[in-house]
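Below are the chains, spelled out letter by letter.
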Amino acid sequence: MENVPNWYVTVAYELFTDNEKGIHELMEKAPEEHPFQFITGLGMALDSFEAKIAPLAEGEAFDFTLPVDEAYGPYVQEHVVELDKKLFCINDRFDKNAVYPGAVLPLVNADGNRFQGLVLEVKEGTVVIDLNHPLAGKDLHFRGRVVTKRAATNDEIQGTLNMLSGEGCGCGCDDCGGGCHEHEGECCHHDEEHGCCGGHGHEHGEEHGCCGHGKGHHGEHGHHGEHGCCGGHGHEHGGEHGCCGHGKGHHGEA
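The notes below deal with the structure included here. (Residues numbered from 1 in each chain as written. Predicted model: local features only at pLDDT ≥ 70, side-chain atom pairs only at ≥ 80, totals over all residues. Heavy atoms only, no water.)

## Thoughts on unusual backbone geometry
Non-glycine residue Asn91 carries a positive phi angle of around 55°. Mapped onto the fold, Asn91 is located in the loop between strand 6 (89–90) and strand 7 (93–94). Phi is positive for Asp92, close to 65°, though the residue is something other than glycine. Inspection of the secondary structure puts Asp92 in the loop between strand 6 and strand 7. (Helix = DSSP H or I, 4+ residues; strand = E, 2+ residues; numbered from the N terminus.)

Take a look at the structure:
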């Protein structure tokens, strides 16, 4: 890249992974009409993803694979935790409409770090949640093209910083076009259809919602857009688990 601190980049791509049977399958697609968009240097995309895109010019194609250790790390069984049902109550009532097996919940730990968890089971007094990234344990094969690449404007950078700090959606507006759902003091703007505040809609091969991109697939906050993913509630996740040792949260590198 030229000596520009922050680039505004959009990429159209297809993401492939190997399933349990070893079959190479399409997991996600960001078409040119709705490309994945990020600003470099702000933690919106995985460092390894940015490094692969960095030398490319606008219009150039790419085809590369990020191994597990450069993507979301190995799947860790210890990151499957049981949390008290009280953490998922609104007005002292368990939020059964949002918390059910298969639901992907945006969570926030005691330090204010945001991440996602997949509900595996709802028991009598606890909820079993998988805090592994949906793509943990997988090599990520990206194939696509750089649609846009230019120096980011100050407004874009500031908007993104606001979004990453939870003050906005980073799309240069005051609202993401969805609603503002108050839950235990947290305000989570969300898009009812896509469940993402990223300003772009990905097509997914599975039901992971925003696949925890935070950095989009791509990093801590923005991904799917990270951009950040606010699929519904902003539940508080306290206790000693925090983000189960992720450090950067559920959306970043493990």
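## What to know about a negative patch on the surface
A cluster of like negative charges, contributed by Asp18, Asp69, Glu70 and Asp139, occupies part of the molecular surface. Among the structural elements, Asp18 can be located in strand 1 (residues 7–18). In this structure Asp18 comes out as partly exposed when scored by relative accessible area, which is 41%. (Patch = residues over 30% accessible without salt bridge, like charges linked within 9 Å, V, L, I, M, F, W, Y side chains within 5 Å. Areas by Shrake-Rupley, 256 points an atom, 1.4 Å probe, with all protein chains shown as cover. Salt bridge = Lys/Arg side-chain N within 4 Å of Asp/Glu carboxyl O. Lys, Arg positive; Asp, Glu negative; His and termini not counted. Charge placed at Lys NZ, Arg CZ, Asp CG, Glu CD. Buried < 20%, exposed > 50% of the residue type's maximum accessible area, 1.4 Å probe, protein only.)

## Thoughts on the environment of Glu156
Here Glu156 is to be found in helix 2 (residues 154–164). The spatial distance from the C-alpha of Glu156 to the C-alpha of Phe38 is 10.0 Å, given a sequence separation of 118 residues. Excluding its chain neighbours within four sequence positions, the residues that come into contact with Glu156 are Tyr8, Ile39 and Arg150. (Contact = heavy atoms within 4.5 Å.)

## Here we look at the nonpolar core
Grouped together as the largest cluster of nonpolar side chains are 30 residues, with contacts concentrated most on Val11, Phe49, Ile53, Phe62 and Phe142. Those elements that provide at least two residues to this core are strand 1, strand 2 (24–30), strand 3 (36–39), helix 1 (47–53), strand 4 (61–66), strand 11 (140–151) and helix 2. Among the elements that line this core, the one with the most residues is strand 1, at six residues. Beyond its immediate stretch of four places on either side in the chain, Val11 contacts Ala30, Pro35, Phe36, Phe49, Ile53, Phe62, Arg145, Val146 and Val147. Counting residues in hydrophobic clusters, the runner-up holds 13 residues, among them Val81, Leu83, Leu107 and Val127. (Core = buried A, V, L, I, M, F, W, Y, C linked by side-chain atoms within 4.5 Å.)

## Describing the pattern of salt bridges
In this structure the tally under the stated criterion is four salt bridges. The closest approach of N and O atoms between Arg143 and Glu14, which form a salt bridge, is 3.3 Å. Linking Arg143 in strand 11 with Glu14 in strand 1, this pair joins segments that are 129 residues apart in sequence. Owing to a relative accessible area of 23%, Glu14 belongs among the partly exposed residues under this scheme. With a closest N to O distance of 2.9 Å, Glu32 and Arg145 form a salt bridge. Taken together, the positions of Glu32 in the loop between strand 2 and strand 3 and Arg145 in strand 11 put the pair 113 residues apart, joining distant regions of the chain. Overall, the relative accessible area of 27% leaves Arg145 in the partly exposed class.

## Re the packing of aromatic side chains
Enumeration over the complete set of coordinates arrives at eight aromatic pairs. Over the aromatic face of Phe94 sits the side chain of Lys85, whose NZ or CZ is 4.7 Å from the ring centroid. Lys149 extends its terminal NZ or CZ atom over the ring of Trp7, reaching a point 5.1 Å from the ring centre. (Phe/Tyr/Trp six-rings, centres within 6.5 Å; stacked < 30°, edge-to-face > 60°. Lys NZ or Arg CZ within 6 Å of the ring centre and 35° of its normal.)

## Side note on the pairing of strand 10 (residues 126–130)
With respect to burial, strand 10 is a largely interior element, four of its five residues being buried. Relative to strand 10, strand 5 (residues 80–84) runs antiparallel, the two sharing five bridges. Along strand 10, the bridge assignment pairs Val81 with Ile129. The antiparallel hairpin formed by strand 9 (residues 114–122) and strand 10 contains three residues in its connecting segment. (Pairing = 2+ DSSP bridges.)

## What to know about the environment of Gly125
Positionally, Gly125 belongs in the loop between strand 9 and strand 10. In this structure the C-alpha to C-alpha distance between Gly125 and Lys86, which are 39 residues apart in sequence, comes to 8.3 Å. If we ignore the near neighbours within four places in the chain, the residues touching Gly125 are Leu83, Asp84 and Lys85.

## Some points on the side chain of Thr10
Looking at where Thr10 falls in the secondary structure, it is placed in strand 1. Classification of Thr10 by relative accessible area gives buried; the value is 4%. Of note is the side chain of Thr10, whose polar atom sits 3.0 Å from the side chain of Thr148. (Polar contact = N/O pair within 3.5 Å; in protein donor to acceptor, adjacent residues only side chain to side chain.)

## Describing helix 2
Burial in helix 2 covers these residues: Ile157, Gly159, Thr160 and Met163. End-on, the buried residues of helix 2 take up no more than an arc of 165°, which puts them together on one face. Away from its buried face by more than 90 degrees, helix 2 exposes Asn154 and Asp155. Looking one or two residues past helix 2, Gly166 carries a phi angle of roughly 85°, positive in sign. (Arc of directions from axis to C-beta.)

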